[in-house]
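Close look at the chain arrangement
One letter stands for each residue in the lines below.
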Amino acid sequence: MQNGTHYRTCHLCEAMCGVAVEVKAGKIASIRGDEKDPLSRGHICPKAVALQDLHEDPERLRKPVRKTSAGWEEIEWDDAFTIVAEKLHSTRTTHGRNSIGVYLGNPNVHNHGSLIATMPFLRAVGSQNRFSATSNDQLPHMLASLEIFGHQVLFPIPDIDNTDLFICIGGNPMASNGSLMTVPDFRGRLKALKQRGGKMIVVDPRRSETAKLAEEFHFIRPGTDAFLLMAMVNTLFADDLIRPGAAEHLVKDLDLLRLASLPFTPDAVAECTGIAAASIRGLARQLANTPKAALYTRMGTSTQTFGSITTWLAYCLNILTGKLDTVGGVMFTQPAIDLIALGAMSGQRGHFGKRHSRVKGLPEFAGEYPASTMADEMLTPGEGQIRAFVTVAGNPVLSSPNGRRLDEALTGLDFMVSVDYYINETTRHADIILPPTAALERSHYDIIFNMLAVRNVSKYSEALFDAGPGSRHDWQILLELAHRLEKLRKGGKLPIRSELGWQAFKRLGPDPIIDLLLRTGPYGTDAGRARGLLEPATSLFLDLLPKPHPLRDLAKLSSLNPQWRELPKGLSLKRLKDNPSGVDLGALRPTLPNRLFTRDGKINLAPRRYLKDVERLNQKLFTSLSPGQLLLIGRRHVRSNNSWMHNSHRLVKGKVRCTVLMHPDDAKRLNLNEGSSAEIRADERYVVLPVEVTEDMMPGVVSIPHGWGHNRDGTVQSTAAAHAGASINDVLCDQITDPVAGTSVLNGQPVTVKVWQSKQQPLPAA
Ligand SMILES: Nc1nc2c(c(=O)[nH]1)N[C@H]1C(S)=C(S)[C@@H](COP(=O)(O)OP(=O)(O)OC[C@H]3O[C@@H](n4cnc5c(=O)[nH]c(N)nc54)[C@H](O)[C@@H]3O)O[C@H]1N2
Ligand SMILES: Nc1nc2c(c(=O)[nH]1)N[C@H]1C(S)=C(S)[C@@H](COP(=O)(O)OP(=O)(O)OC[C@H]3O[C@@H](n4cnc5c(=O)[nH]c(N)nc54)[C@H](O)[C@@H]3O)O[C@H]1N2
Ligand code: SF4
Ligand SMILES: [Mo]
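Residues numbered from 1 in each chain as written. Chains lettered and ligands numbered in written order. Predicted model: local features only at pLDDT ≥ 70, side-chain atom pairs only at ≥ 80, totals over all residues. Heavy atoms only, no water.

Scanning the protein chain from terminus to terminus reveals 25 helices and 30 strands. Relative to a compact globule of 766 residues, whose C-alpha radius of gyration would be 27 Å, the protein chain shows 25 Å and is just as compact. Here the C-alpha coordinates of the protein chain stretch approximately 70 × 70 × 55 Å along the principal axes. In the protein chain, which comprises 766 residues, the share counted as buried stands at 64%. Nonlocal contacts in the protein chain, meaning residues at least 24 apart in sequence, comprise 76% of its contacts between residues at least 6 apart. (Helix = DSSP H or I, 4+ residues; strand = E, 2+ residues; numbered from the N terminus. Rg over C-alpha atoms; globule rule 2.2 N^0.38 Å. Buried < 20%, exposed > 50% of the residue type's maximum accessible area, 1.4 Å probe, protein only. Contact = heavy atoms within 4.5 Å.)

Set out below in structure tokens:
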């Protein structure tokens, strides 16, 4: 690669920080924040250096490997593709199409090539047994967006740069750098908020890094946020504070919401939440009486037993108090690649509960079943049992509840293939691993996170290093497999038009699609004029996408979307290449009523599936915890990223971070001290971890980070193994889900904690 400074976007978390990578003698000399990036303005976090560590990691796979009795053996790409395609094809021919399971992990969402290639890949596989990290994560937000606004990815984003009050419930942006809120430099933006006289309130069972910067903080008992938010709704009605503002004429079923909230007075919920009634009223009144305010909820509230109701109510609170679509409140973005509008135009707004999983009858969402039921589908015999499994950029053994059970289920498969560059806790079970290029070796465009950003921006980064002819990008791997699977399904030969389409798709890759989407998108040089723009090759490969599909229908879009008319124009891939630090498209702006996709054009405040679940909430109000019971929650650290960055020495060095946090009163009662080993158990599932005693924990609550547990046999990540920790998901139960959406319950499960008797009990098996 050319020496000099290269500008790109860090793809590791959702924050989209601009980085300036200095290359000297073909090697990375430094990675700094890019001051000229219009969103991150020079900010980076300590993880940015891991871009280099990952790039240079000798344990990162560069060639496909096959498992043999003598260990892993490198094989040629063509042989690997042949084996995988034939194995998957023979599995579906013998056992039916649903006998193949597919799991898509988090890094796919940070990879435009994967995003574009997974659709044809999934279509070629043809199985309904699809899973992803979504059901361990933001599924309740997607459901709420679908139910309330009519589109599964239309998220209200806090306008943090203009707000005067930020209420953060169950999120820790100081560690995570924001989620469903792409917000690089949260600290700097918070400082600016305070300088304009604003305030932050945090509600969390742990005094988190974010909570420490808040003017007001409340401990909340895990899993009880729905009670708090119901009581806030109750207060708004009781105090006559309902003022939907911009949404006034759009809301419907206000009265149903009022009725649902009636039993949940602040006094009724104070004991169960652990928050005093006066504080709850105060929260509701501050939200209502601060014109520019935003209430935000995230992981801690979505992955819990009332995750769906909680997320619904958070949306409602913003709407009821006039915060939706107002500057300084919560707003919809207008990204340069507007998948929301494109999806809506082709009737693709999302769907839920169209079918149910075979074993547990859990609902699909956007074609996926909950990840917590993957092991059930592998272990339970019968038609449709998963016998072959594909993982793409995922590590569900560490990321899904009851990881040990999944670990075991994977050993019973007939065949497994992983598209991944590490041999880790999940991919060690694969028969073949297909390693893609690393991030710096491919181009980058954030299709997803631009939809979630606190400012509208657009940026494209070219590949910094050429990985050479012996390498494949994720999109190349997925398209090659898809093409071969389609051919096998059709008896070895495809119709000529289709064959040409595959050839074109494989030759061009995702970047021409990005160019097309940019040019025809809201800010494009050719906004709204897709017809006539498509080169023959492009239209051929668009034909390969499933029907209906937002990109497929691009060719039919000939008129400008009305909501795009007033936006500045001129974007194209070329323009972005000429501006490697990115192009600023301005602050978030009001978009209602154009950006509503419900059938009746209304904002649905009381969808039936939530109202039904309120009954469960009612019952729970009167069940108390047994004394001494501890509730387990997760946490993130700024130097760690889910399960896959612990092989970077620079990120794991220093203080041990995989510990169990507990309050001094709990530690004392349980005879545990700082540094002593505790066993954390639920039924037969347990882990052993060092104790950290801290008043930052709410009494009765313990916290363990996720993504650790690298002591399993057969992985090839030596730095991670030397800092193994233990996996919280080895304790969490996979039989409990939020019954509305099917999301995993990763926060608030009961556990027992005691001194670990090393002599009496072995450590969990590796
Ligand atoms: N450094 C780093 N950054 C990351 C990641 C990472 O692993 N490391 N992961 C990325 C990903 S994939 C995501 S989805 C985002 C997630 O981003 P966030 O949603 O900000 O996630 P967390 O940092 O886990 O914060 C969750 C908070 O919820 C609290 N909590 C737990 N249970 C409850 C509860 O019942 N009620 C309430 N009110 N709070 C509760 C926890 O104590 C914690 O402070 O982060 C992204 N960014
Ligand atoms: N208890 C508990 N569990 C959790 C969470 C929690 O807060 N608590 N958080 C949940 C959340 S929010 C998420 S998003 C999930 C994440 O869980 P997953 O998505 O299952 O897994 P990751 O840990 O992100 O692992 C990513 C995998 O992708 C590989 N990889 C990285 N980059 C690429 C690439 O460019 N291409 C390919 N092909 N592979 C790549 C890595 O080597 C690694 O194997 O975890 C969830 N699990
Ligand atoms: S916050 Fe850190 S990991 Fe996330 S995008 Fe920025 S530099 Fe990368
Ligand atoms: Mo996530």
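This brings us to the packing of aromatic side chains. One pass over the full model with this rule turns up 12 aromatic pairs. Here Phe149 and Tyr315 contribute two aromatic rings whose centre-to-centre distance is 5.7 Å and whose plane-to-plane angle is 25°, an arrangement assigned as stacked. With Phe149 in helix α4 (residues 139–149) and Tyr315 in helix α12 (residues 307–320), this residue pair connects regions lying 166 residues apart in the sequence. Of the two residues, Phe149 and Tyr315, neither departs from the other in class, the shared state being buried. (Phe/Tyr/Trp six-rings, centres within 6.5 Å; stacked < 30°, edge-to-face > 60°.)

Okay, helix α3 (residues 112–125) next. Turn by turn, an α-helix covers 3.6 residues, leaving residues three or four places apart pointing in a common direction. Its 14 residues give α3 an end-to-end C-alpha distance of 20 Å, which sits within 8% of 20 Å, the value for a rise of 1.5 Å per residue. Along its length, α3 shows its largest kink, about 35°, at Thr118, and proline Pro120 lies within four residues downstream of that point. The buried fraction of α3 amounts to 11 of the 14 residues, a majority that puts the element mostly inside the structure. Taken together, the buried positions of α3 are occupied by His112, Gly113, Ser114, Ile116, Ala117, Thr118, Pro120, Phe121, Leu122, Ala124 and Val125. N-cap assignment for α3: the residue whose side-chain oxygen lies 3.2 Å from the backbone N of Gly113 is Asn111. Positioned one or two residues after α3, Gly126 has a phi angle of 75°, which is positive. (Expected span 1.5 Å × (residues − 1). Bend = angle between axes of the 7 residues up to and from the residue. Polar contact = N/O pair within 3.5 Å; in protein donor to acceptor, adjacent residues only side chain to side chain.)

Another aspect to go through is the site of ligand 2. Not every one of the 31 residues close to ligand 2 is listed here, only the nearest: Tyr103, Asn106, Asp420, Asn424 and Ser643. At 2.6 Å from an oxygen atom of ligand 2 is found a main-chain nitrogen or oxygen belonging to Asn106. Computed on the free molecule, ligand 2 has an accessible area of 920 Å², of which 98% lies beneath the protein chains in the complex. Its residues assigned to classes, the shell around ligand 2 shows 14 nonpolar, 12 polar and 5 charged. In terms of domain composition, the shell around ligand 2 takes at least three residues from each of domain 2 (65–136 + 337–493 + 569–587) and domain 4 (625–755). (Near = heavy atom within 4 Å. Areas by Shrake-Rupley, 256 points an atom, 1.4 Å probe, with all protein chains shown as cover. Nonpolar A, V, L, I, M, F, W, Y, C, P; charged D, E, K, R; others polar. Domains from an automatic or database assignment.)

Along its sequence, the protein chain is organised into domain 1 (4–56), domain 2 (65–136 + 337–493 + 569–587), domain 3 (159–325 + 599–615) and domain 4 (625–755). One C-alpha centre belongs to domain 1, the other to domain 3; they are set 34 Å apart. For the pair domain 1 and domain 3, the summed buried area comes to about 810 Å², and 48% of that belongs to carbon and sulfur atoms. Asp161 is the partner of Arg41 in a salt bridge, and the nearest nitrogen-oxygen pair spans 3.7 Å. The interface formed by domain 1 and domain 3 includes 4 residue pairs in polar contact (both at pLDDT 80 or more). In the side of domain 1 that touches domain 3, the residues fall into 6 nonpolar, 2 polar and 3 charged. (Buried area = accessible area lost by both parts, 1.4 Å probe. Salt bridge = Lys/Arg side-chain N within 4 Å of Asp/Glu carboxyl O.)

Here the focus is helix α22 (residues 608–620). Its 13 residues place the ends of α22 19 Å apart at the C-alpha level, agreeing with the 18 Å of an ideal helix rising 1.5 Å per residue. In this structure, the buried side of α22 is in contact with α4, α7 (225–238), α8 (254–261) and α12.

Another aspect to go through is the environment of Gly524. Along the polypeptide, Gly524 turns up in the loop between α19 (511–520) and α20 (536–542). The residues contacting Gly524, other than those within four sequence positions of it, are Leu518, Arg519, Lys569, Gly570 and Leu571.

If you walk across this open sheet you meet the 7 strands as β5-β4-β19-β18-β17-β6-β7, and the pairing is mixed. Both outer strands of the open sheet, β5 (71–74) and β7 (130–132), are each paired with one neighbouring strand and no more. Across the sheet, the axes of successive neighbouring strands diverge by a mean angle of 20°, strand direction being ignored. Note: strand β6 (residues 100–104) against β7, 3 bridges, orientation parallel. (Pairing = 2+ DSSP bridges. Axes fitted to C-alpha atoms, helices over the stretch in contact; angles between N-to-C directions.)

Our focus in this paragraph is the sheet that holds strand β9 (residues 165–169). The parallel open sheet is built from 4 strands, whose spatial order is β11-β10-β9-β13. Of all strands in the sheet, those with a lone pairing partner are β11 (216–218) and β13 (293–297), marking the two edges. Here the average twist between neighbouring strands, direction ignored, is 10°. Where strand β10 (residues 199–203) lies against β11, 3 bridges are found, and the strand directions are parallel. By the bridge assignment, Val203 is partnered in β11 with His218.

Looking at chain direction, strand β25 (residues 630–633) and strand β30 (residues 749–755) are connected through 3 bridges and run antiparallel. Residue Leu630 lies in a different strand from β30, and its bridge partner there is Val751. The pairing of strand β27 (residues 677–682) with β30 spans 4 bridges and is classified as antiparallel. Looking at the pairing, Arg681 lines up with Thr752 of β30.

Here we take up empty space enclosed by the protein. The gaps of empty space that remain are located by a probe, the size of a water molecule, rolled over the atoms. According to the stated counting rule, one finds 7 cavities of 30 Å³ or more in the structure shown. In this structure, the largest cavity encloses a volume near 130 Å³. Forming the walls of the largest cavity are His141, Phe155, Pro156, Pro158, Leu180, Leu295, Tyr296, Thr297, Ala314, Tyr315, Asn318 and Val330. Breaking the lining of the largest cavity down by element, the ones donating at least two residues are β13 and α12. (1 Å grid on protein atoms, 1.4 Å probe; cavity = no way out; pocket = protein on both sides within 12 Å on 5 of 7 lines; lining within 4 Å. Points joined across faces, edges and corners; volume = space filled by probe spheres on them.)

Next up on the list: the site of ligand 3. Neighbouring ligand 3 are the residues Cys10, Leu12, Cys13, Ala15, Met16, Cys17, Ile44, Cys45, Lys47, Ala48 and Asn177. Residue composition of the shell around ligand 3, by class: 9 nonpolar, 1 polar and 1 charged.

The final tally for this structure, using the stated rule, is 46 salt bridges. The partner of Lys655 in a salt bridge is Glu692, and the shortest N-O contact between them spans 3.2 Å. With Lys655 in the loop between α23 (649–652) and β26 (660–662) and Glu692 in strand β28 (residues 685–693), this pair connects stretches of sequence that are 37 residues apart. A salt bridge links Glu684 to Arg685; the shortest N-O distance between them is 3.9 Å. According to the relative accessible area criterion, Arg685 is buried, its value standing at 9%.

In this structure, Phe149, Leu228, Met232, Trp312 and Ile603 are the most contacted members of the largest nonpolar core, which totals 107 residues. It is α7 that provides the largest number of residues to this core, a total of 10 residues. Not counting the four nearest positions on each side in its chain, Met232 is found in contact with Ile280, Leu283, Ala284, Leu287, Leu295 and Leu317. If you look at the next biggest cluster of nonpolar residues, it comprises 53 residues, including Ala336, Tyr460, Leu479 and Leu573. (Core = buried A, V, L, I, M, F, W, Y, C linked by side-chain atoms within 4.5 Å.)

This next bit is on the environment of Ala25. Mapped onto the fold, Ala25 is located in the loop between β2 (18–24) and β3 (27–33). Accessibility expressed as a relative area gives 70% for Ala25, which makes it exposed. Linking Ala25 and Arg41, residues 16 residues apart in sequence, is a C-alpha distance of 28 Å.

Once that is clear, we can look at the packing of α4 against α12. When two helices pack together, their arrangement is captured by the angle between the axes and the distance separating the axes. Two numbers describe how α4 lies on α12: the axes approach to 9 Å, and their chain directions differ by 50°. With respect to each other, α4 and α12 are oriented oblique. Between α4 and α12 lies a crossing of right-handed hand. Where α4 approaches α12, its residues Pro140, His141, Leu143, Ala144, Ser145, Ile148 and Phe149 are matched on the opposing element by Gly307, Ser308, Thr311, Trp312, Tyr315 and Ile319. (Parallel < 35°, antiparallel > 145°, perpendicular 65-115°, else oblique. Left-handed = near helix turned anticlockwise from the far one by under 90°.)

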